[in-house]
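Residue-level structure breakdown
Residues per chain, in single letters:
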Amino acid sequence: MSRLPSPPVEPTPQEAPGFPLLAVLAPLAGALLIGALTGSPYVLVFAALSPIIAVAGMLDGRRTARRRARDGAARFEKECAVYALLIEEAHRAERAQQDALAPARPTEVLPLEGASVRVGVAPAPSDRAPEGGRGLTAGGRSELPSSPRHALFARASQHPALPVLVPRGTIAVRGDGPAAHALAVRLALEPGVVVETSHEPRALGGASAQRSDAEIEVHSASIMTVRIPGHDPVRARPEFWSAPERERRRCALAAQAARLPDQVAWSSLRDARESSPGIPIGVSESGTWAIDPVAHGPHILIGGTTGSGKSEFLRSLVLGWAHRSSPAELSLLFVDFKGGASFPDLAALPHALEVITDLDESTAARAIASLRAEVQRRERWLRDRGARDVRDSGASLGRLAIVIDEYAALLSALPELHSIIVDLSARGRSLGIHLVLCTQHPSSAVREAIAANCAIRVSFRIAEGADSGMLGSGVADRLRALPPGRALVTDAEGTREIQSALISPDDVAAVSERWSDSPAVARLWQPPLPAELTPQDVVLESPDGAPESAWAFGVADQPERLRRHRAVWLPDRDGALAVVGVPGSGRTGALSAIAEAGRHHGATLVVLPADWVDAEAALLELRDRPPGRALLLADDLDEMLRRSGDERAELLRLWDDAASALRRRGGAVAASFVAGAMQQGLTDGRFPSTLLLGAAGRATGTASMITTSAGLSPSAEHRPPPGRAHWRGQSVQIMTAPPLPSPQPPPLPRISMLGSRPSVVIARRPRWVGERLAREQPDLHLLSAEEAAAGADRAESGGRTVALDDVEGWTTRWSALQELRRSCSVILVELGVSELRSLLGVRERPPSLRSDAAEVWLLQPEEALVRARWNALADDPAGESPL
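One structure accompanies this document, and this report is about it.

What counts and how
- Residues numbered from 1 in each chain as written.
- Predicted model: local features only at pLDDT ≥ 70, side-chain atom pairs only at ≥ 80, totals over all residues.
- Heavy atoms only, no water.
- Helix = DSSP H or I, 4+ residues; strand = E, 2+ residues; numbered from the N terminus.
- Contact = heavy atoms within 4.5 Å.
- Areas by Shrake-Rupley, 256 points an atom, 1.4 Å probe, with all protein chains shown as cover.
- Buried < 20%, exposed > 50% of the residue type's maximum accessible area, 1.4 Å probe, protein only.
- Arc of directions from axis to C-beta.
- Salt bridge = Lys/Arg side-chain N within 4 Å of Asp/Glu carboxyl O.
- Pairing = 2+ DSSP bridges.
- Axes fitted to C-alpha atoms, helices over the stretch in contact; angles between N-to-C directions.
- Phe/Tyr/Trp six-rings, centres within 6.5 Å; stacked < 30°, edge-to-face > 60°.
- Expected span 1.5 Å × (residues − 1).

Quick look at the overall build of the protein
Helix and strand counts for the protein stand at 30 helices and 36 strands. Counted over contacts in the protein with a minimum sequence separation of 6, partners at least 24 positions apart contribute 70%. Within the structure as shown, the protein displays about 41,700 Å² of accessible surface, and the carbon and sulfur contribution to it stands at 53%.

Structure, rendered in structure tokens:
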């Protein structure tokens with residue numbers, strides 16, 4: 001409810017302007033001074049004008065102030081009139097609200113015995129009063145209690161006539177005359193009220209008053225005093241009922257007394273269960289009441305507030321249904337989104353499939369998605385037997401009841417399930433599938449497409465009139481007053497009020513014992529995929545359309561078809577494979593599984609080294625000399641590219657070239673990536689197939705890639721185990737395979753001993769290189785570029801001679817260098833690509849080197865430039881064949 005705004009503020013009175021003495025004297029003094037200076041008497045004429053102007057200004061100011069005061073008073077009076085209308089409207093709405101909670105006239109539904117009794121009306125503080133009120137101020141001044149604004153606030157704060165309520169129990173009515181008698185008769189018709197009458201007024205503190213819950217002293221037909229212990233006396237106007245109204249209440253009391261008990265034991269309905277064609281679940285005015293989902297359903301919609309008895313009704317319905325039908329005739333699937341508190345004991349029934357709760361949403365999604373497969377199975381069953389309905393004589397197909405408690409919570413957690421529920425509600429009748437939907441607000445939670453197929457509707461106590469629409473109009477007041485366990489039920493036979501039965505543990509045990517010799521019902525869905533699989537576990541059939549030659553790397557789950565099959569990769573059809581996942585999701589294990597599958601089909605495994613320099617050499621080798629039917633594997637390809645820095649583009653080009661060369665020879669490629677934006681840039685257009693591990697679908701925004709034909713991913717676990725992936729729209733568990741073999745980079749030429757052929761060394765640090773050579777080979781003869789150029793013939797003729805200098809030295813002797821390279825080995829140490837090209841004229845891109853002085857470029861006569869390792873420059877040299 002909203003409070004009234006503050007009352008309008010009375011305009012502040014303005015003082016009329018006084019005589020402007022200073023405005024008169026100042027011009028007069030100035031005129032006298034000017035006259036004295038000029039000696040002209042005419043100046044005194046102007047001095048006489050100043051008092052005339054001052055008096056005229058004063059009169060005009062007073063006239064303007066009076067006009068403003070009149071306008072302000074008129075505006076304030078209008079605002080007060082509008083505010084008075086607001087007060088009346090607010091009080092009228094407040095009275096209507098109170099009348100709705102405590103009606104003055106008897107209604108068709110008896111009030112709850114815990115509610116208070118309305119006896120009349122009296123002035124009372126209003127809930128719509130504006131905030132504040134004490135010490136009202138306007139313009140910084142306090143207002144007097146007699147001010148109009150204060151009067152408006154007092155009027156708004158006090159409602160002239162609100163219902164007076166007294167507690168049920170013993171009510172003493174004091175007074176002499178017809179008014180007191182009429183009030184006593186009227187109160188005697190209230191449930192839970194005992195009336196004591198007396199013609200003598202008594203004080204509340206008397207012995208009789210102390211036994212009463214309330215005392216009413218009736219002075220006349222329009223005045224009474226209500227006293228309640230612990231409260232101040234209230235002077236009120238009594239309310240009486242007419243003779244027809246009293247008779248209506250007597251009839252309602254008589255019907256209530258003869259109609260429904262407060263509680264009904266389920267065991268008391270034993271005789272009705274044996275004779276009734278339906279399921280007895282309570283009592284109505286005419287006796288035991290039963291519902292028949294087969295004849296009047298097929299679906300049931302239940303609504304009501306918390307504590308109104310919805311869950312107990314569900315339990316009675318399910319137990320009665322299980323009592324009438326064997327497990328072969330009825331299967332029960334419980335969906336409890338109240339934490340699993342509604343059906344723990346009923347799960348022991350042999351009819352029960354499982355209790356699905358909100359504590360395991362992945363299982364809930366999986367189970368309900370599997371219902372599509374159950375629908376298809378039932379359709380095939382009926383088609384094969386030439387039946388159109390489970391009620392046909394040749395069908396012999398058991399019924400399935402899906403009992404959902406807190407349907408709104410289920411859709412809130414798994415909104416994708418709505419389409420499945422709509423499908424089941426439309427086709428359930430002929431297939432023998434029944435929905436029992438229970439929710440607090442059916443009008444908002446259950447859409448018309450589903451509600452239209454719910455022919456049986458059960459409504460317990462409600463809090464909002466909109467929820468009464470499921471039973472039709474005109475029952476909102478009746479539903480608000482229903483006690484716990486009481487409901488209005490609408491089916492093909494009309495609407496009636498029933499008291500729902502309560503079951504006990506002995507009742508559940510008795511029904512379980514009744515069908516103890518019956519076989520348990522078959523499960524509707526397969527259990528979740530295991531967390532680990534070995535290659536021996538991957539022995540299922542291949543998916544539809546996949547040849548047996550496809551590479552199997554795990555087990556794929558199809559809960560919507562109640563089947564599993566091998567997860568396979570067909571390189572010729574699927575193209576390059578990207579394994580994408582967050583850290584810890586099993587990317588390396590997935591590559592190992594792919595490698596095991598390739599090895600099983602005779603593929604040669606090539607594992608790309610993690611070091612980007614070695615990887616470049618391996619890619620060059622694969623590009624130029626691709627082996628037949630090879631599988632190229634790269635673990636964390638994105639990380640290797642990140643470490644390559646500026647060489648990333650060149651490495652990607654080499655990867656593409658090597659992949660194309662392998663595919664032309666019947667090979668395949670697969671690489672793993674960490675999920676993220678960088679991964680998307682690398683895989684888009686380069687890897688037609690993607691294996692998403694763990695939560696990679698959410699990390700990369702590729703959720704659309706992991707949906708199933710059922711419209712959702714039924715195994716979208718919050719914390720999937722390593723190796724759980726999504727492949728071609730299905731959930732997959734990747735098998736555990738032996739680790740990837742160690743990468744084998746192409747052999748790197750090593751330079752150990754110089755001497756068999758004269759050598760030219762171009763180094764950034766020639767002195768350091770010379771010291772290393774002198775330590776390793778003391779018999780070497782070292783020449784500078786100048787000496788080598790002067791004695792080029794001697795350098796070419798043989799001997800253990802090495803021409804060593806820096807870039808500048810060889811640049812100035814460029815002609816001699818070109819002459820020497822024809823017969824000498826040229827070694828370039830710590831040089832850049834631009835220096836290499838300027839000295840030797842090499843145009844093709846040279847192989848990359850590690851940031852290690854031992855990694856050098858080697859150019860042999862009549863051969864291509866290669867990457868080599870010079871042991872003399874390494875900290876831990878390894879002996880190799882001499883250069």
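Let's pick the thread back up.
Some remarks on helix α4 (residues 178-188)
Of the positions making up α4, those classed as buried are Ala179, Ala180, Leu183, Ala184, Arg186 and Leu187. Looking down the long axis of α4, one finds its buried residues gathered within 165° of arc, a one-sided arrangement. Of the exposed residues in α4, the ones pointing more than 90 degrees away from its buried face are Pro178 and His181. Of the surrounding secondary structure, the elements contacted by the buried residues of α4 are β1 (117-125), β5 (170-174), β6 (194-198), β7 (214-218) and β8 (224-227).

Quick word on the pattern of salt bridges
Under the counting rule described, the total for this entry stands at 44 salt bridges. We note a salt bridge from arginine 186 to glutamate 190, for which the minimum N-O separation is 3.0 Å. This pair shows no difference in class: arginine 186 is buried, exactly as glutamate 190 is. The salt bridge partner of arginine 249 is glutamate 190, with a shortest N-O separation of 3.5 Å. Here arginine 249, found in helix α6 (residues 243-259), pairs with glutamate 190, found in the loop between α4 and β6; they are 59 residues apart in sequence, far enough to count as distant. With relative accessibility at 8%, the residue glutamate 190 sits in the buried group. Here the salt bridges share partners, and the residues they tie into one network are Asp611, Asp614, Arg850, Glu855 and Arg867.

Some details on the sheet that holds β6
Here seven strands make up an open sheet; going across it, the order is β4-β1-β9-β8-β7-β5-β6 and the pairing mixed. Each edge of the sheet is formed by a strand with only one pairing partner; in this case those strands are β4 (158-166) and β6. For this sheet the average axis-to-axis angle between neighbouring strands, irrespective of direction, equals 30°. Here β1 pairs with strand β9 (residues 234-238) via two bridges, running antiparallel. Across the sheet, residue valine 121 finds its bridge partner in β9, namely arginine 237. Helix-sheet contacts for helix α3 (residues 148-157) involve β1 and β4, and the interaxial angle to β4 is about 20°.

Points about the packing of aromatic side chains
Enumeration over the complete set of coordinates arrives at six aromatic pairs. Consider the rings of phenylalanine 334 and phenylalanine 343, whose centres lie 4.8 Å apart with planes at 25°: the pair is stacked. A ring pair is formed by phenylalanine 673 and phenylalanine 687, whose centres lie 5.3 Å apart and whose planes are at 80°; its orientation type is edge-to-face. With phenylalanine 673 in strand β26 (residues 668-674) and phenylalanine 687 in the loop between α23 (677-683) and β27 (689-693), this pair connects stretches of sequence that are 14 residues apart. Classification of phenylalanine 673 as buried rests on a relative accessible area of 0%. Classification of phenylalanine 687 by relative accessible area gives buried; the value is 5%.

Overview of the pairing of strand β20 (residues 494-502)
When strand β10 (residues 264-265) meets β20, the two strands line up parallel, connected through two bridges. Counterpart to alanine 265 in the pairing with β20 is leucine 502. In this structure, strand β11 (residues 279-284) lies alongside β20, joined through two bridges in antiparallel fashion. Bridge assignment links glycine 282 to a residue of β20, and that residue is serine 500.

A closer look at the pairing of β9
Bridge count between β8 and β9: three bridges; the pairing is antiparallel. Residue pairing in the sheet places threonine 225 in a bridge with arginine 235 of β9. Once β8 ends, the chain turns through six residues before running back antiparallel as β9, passing glycine 230 with a positive phi of about 85°.

Looking at helix α9 (residues 310-324)
Here α9 spans 21 Å end to end across 15 residues, near enough to the 21 Å set by a 1.5 Å rise per residue. Across the 15 residues that make up α9, a large majority, 13, are buried.

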